[in-house]
Amino acid sequence: MKMRIVIIGAGAAGCFAAIETKRRCPEAEVTVLEKGSKPLAKVAITGGGRCNLTNSFAEVKSLEQVYPRGFRLMKKLFHHFSPQDAYEWFEHEGIRLVTQDDECVFPQSQDAMEIVNKLIFTMGRLGVKTLCGCKVVGVAKRDGGFSVTYMKTGNSHVMEADKVVVTTGGHPSPSGFDMLKGLDLEIVPPVPSLFSLCIADKSLTALMGTVVENAQVSLAGTKIKTNGALLITHWGVSGPAVLKLSSHGARILAEKNYQADVIVNWLFEMSNSDVQDMLTSYVSKHGAKKITSAYPSVLNARLWLHLIQRAKLNADMRWSELQGKAFNRLLTVLTSDTYHVTGKNKYKDEFVTCGGVSLNCLKHDTLEAKNYPGLYFAGEVTDVDAVTGGFNLQAAWTMGWVVAEATKAP
């Protein structure tokens, strides 16, 4: 009798697991159940529709930088299927890849649909059956396997399986895990991750469109600090620095109901003493000039004027007049500018959550549930998530691969 493997969720982890499972077990019946109308809908929009499918990891000193939750697990799993393995996998499948200056990896075509179509085509060629419009409502343990109950066009169906792989992605609310209610699994309550921050200060939001290439953002009262490009928007701040902060601070910000203070170092590439020396140099070299006429090149004129006003300085002040408390106020604003966060804003069309099936429930070498042999989890449905930059998709490919390796065992 053929082995029956059901994969719940046709996202990146699910489709990758399906392909690699079928390659290892060509005689098995591999079926993917997807509640949406088509597979890989999220992959199609990731990276602004270009698909940032992985990262070179060249600038990653510690996995904790990019995986706020699950970095120890990912370190272990990368020994099975690394970012370099993922790069080579896609190139072997005929997709030419390019690595950008920021170490993000994209298809050379800059078209996410090349990735989507390749995965869908490969699943079909191998004989994986994909059923869309099927919402799974229950997974139950049965003698020798599992039963998967799903709804399709208003009707209830039951599919029997020897093994089940859950790859349903992140869920914005605990109800997204209802299908697992009949199982003894610990679910870490989900909260949003990867979002921009709302700031009500109109003097800041009036600068929408302004970008500072390398700022540091920290969450007041914590040790969480991130850096990168910062974008001022009409609702607050966004960009890689802020998105990384939201990822590392996801649970803390949720507990605070997204009411918190963030501290911006606008000149992160310079130390505090360097900024102090720079201001002293401006006082010496540009003493007769207004302070609005000479400023750091990494800041534009509008932002500089905003920061001067934040330091309670008169725009007509001459550099020679900048001394004492006025000097210190400007130094503080440049390196520790504090704003109050009033809420969060979703990042583009992407949605990432922190939380999910606890890693305590899983065997870390196979991603199999400790209490349910034959039940596996991969991707964001687990309590693993990453910052922006191709790291979440890399986790999906790696976990999908590891599950495929595990399911081939009898």
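One can find the structure itself at the top, above this paragraph.
Residues numbered from 1 in each chain as written. Predicted model: local features only at pLDDT ≥ 70, side-chain atom pairs only at ≥ 80, totals over all residues. Heavy atoms only, no water.

1. Some thoughts on the side chain of D337
Then, in step 1: Checked against the element boundaries, D337 lands in strand β17 (residues 337-346).
Then, in step 2: Classification of D337 as buried rests on a relative accessible area of 2%.
Then, in step 3: Among the polar contacts made by the side chain of D337, one reaches the side chain of W266 at a distance of 3.0 Å. (Helix = DSSP H or I, 4+ residues; strand = E, 2+ residues; numbered from the N terminus. Buried < 20%, exposed > 50% of the residue type's maximum accessible area, 1.4 Å probe, protein only. Polar contact = N/O pair within 3.5 Å; in protein donor to acceptor, adjacent residues only side chain to side chain.)

2. Overview of the packing of aromatic side chains
Then, in step 1: Scanning the entire structure with this criterion turns up 15 aromatic pairs.
Then, in step 2: Consider the rings of F16 and W89, whose centres lie 4.6 Å apart with planes at 55°: the pair is tilted. Here F16, found in helix α1 (residues 12-24), pairs with W89, found in helix α5 (residues 83-92); they are 73 residues apart in sequence, far enough to count as distant.
Then, in step 3: Classification of F16 as buried rests on a relative accessible area of 0%.
Then, in step 4: With centroids separated by 5.5 Å and ring planes inclined at 90°, the aromatic side chains of F57 and F78 adopt a geometry described as edge-to-face. Of this pair, F57 sits in the loop between β3 (54-55) and α3 (63-66) while F78 sits in the loop between α4 (71-77) and α5, and the two are 21 residues apart along the sequence. One exposure class covers both F57 and F78, and it is buried.
Then, in step 5: An aromatic cluster is present here, built from F16, F81, W89, F90, W397 and W401 joined pairwise through their rings.
Then, in step 6: Over the face of the ring belonging to Y339 we find R310, whose NZ or CZ atom lies 4.1 Å from the ring centre. (Phe/Tyr/Trp six-rings, centres within 6.5 Å; stacked < 30°, edge-to-face > 60°. Lys NZ or Arg CZ within 6 Å of the ring centre and 35° of its normal.)

3. A short note on the nonpolar core
Then, in step 1: Formed by 85 residues in total, the largest nonpolar core has its most connected members in Y67, L375, F377 and W397.
Then, in step 2: Tallying contributions element by element places helix α13 (residues 391-407) first for this core, with 10 residues.
Then, in step 3: The contacts of Y67, once residues within four sequence positions are left out, are F57, M74, F78, V384, D385, A386, F391, Q394 and A395.
Then, in step 4: With 47 residues, the next largest nonpolar core counts A260, W266, L307 and M317 among its residues. (Core = buried A, V, L, I, M, F, W, Y, C linked by side-chain atoms within 4.5 Å. Contact = heavy atoms within 4.5 Å.)

4. Comments concerning the packing of α5 against α13
Then, in step 1: Two elements in contact, α5 and α13, have axes whose closest approach is 10 Å; the angle formed by their N-to-C orientations is 85°. Judged on the interaxial angle alone, α13 and α5 are roughly perpendicular. Between α5 and α13, the contacting residues are P83, A86, W89 and F90 on the first element and Q394, W397 and W401 on the second. (Axes fitted to C-alpha atoms, helices over the stretch in contact; angles between N-to-C directions. Parallel < 35°, antiparallel > 145°, perpendicular 65-115°, else oblique.)

5. Some words on the sheet that holds strand β7 (residues 135-142)
Then, in step 1: Taken in spatial order, the three strands of this open sheet run β7-β8-β9, and their pairing is antiparallel. One side of each edge strand has no neighbouring strand; the edge strands of this open sheet are β7 and β9 (155-161). Ignoring which end each strand starts from, the neighbouring axes of this sheet average 20° apart.
Then, in step 2: Two strands pair when backbone bridges link them, and strand β8 (residues 145-152) and β9 are joined in this way by seven bridges, in the antiparallel orientation. Paired with K152 across the strands is N155, a residue of β9. (Pairing = 2+ DSSP bridges.)

6. Some words on the sheet that holds β17
Then, in step 1: The antiparallel closed barrel is built from six strands, whose spatial order is β12-β15-β14-β13-β16-β17. The mean inter-strand angle of the sheet, taken between neighbouring strand axes irrespective of direction, is 50°.
Then, in step 2: Bridging between strand β12 (residues 195-199) and strand β15 (residues 236-238) involves two bridges; their strand directions are antiparallel. Bridge pairing in β15 links L197 to V237.
Then, in step 3: Set on the sheet, helix α8 (residues 240-248) makes contact with β12, β13 (211-219), β14 (225-232), β15 and β16 (260-265); between it and β14 the angle comes to about 130°.
Then, in step 4: Across the sheet, helix α12 (residues 324-335) is in contact with β16 and β17; its angle to β16 comes to roughly 105°.

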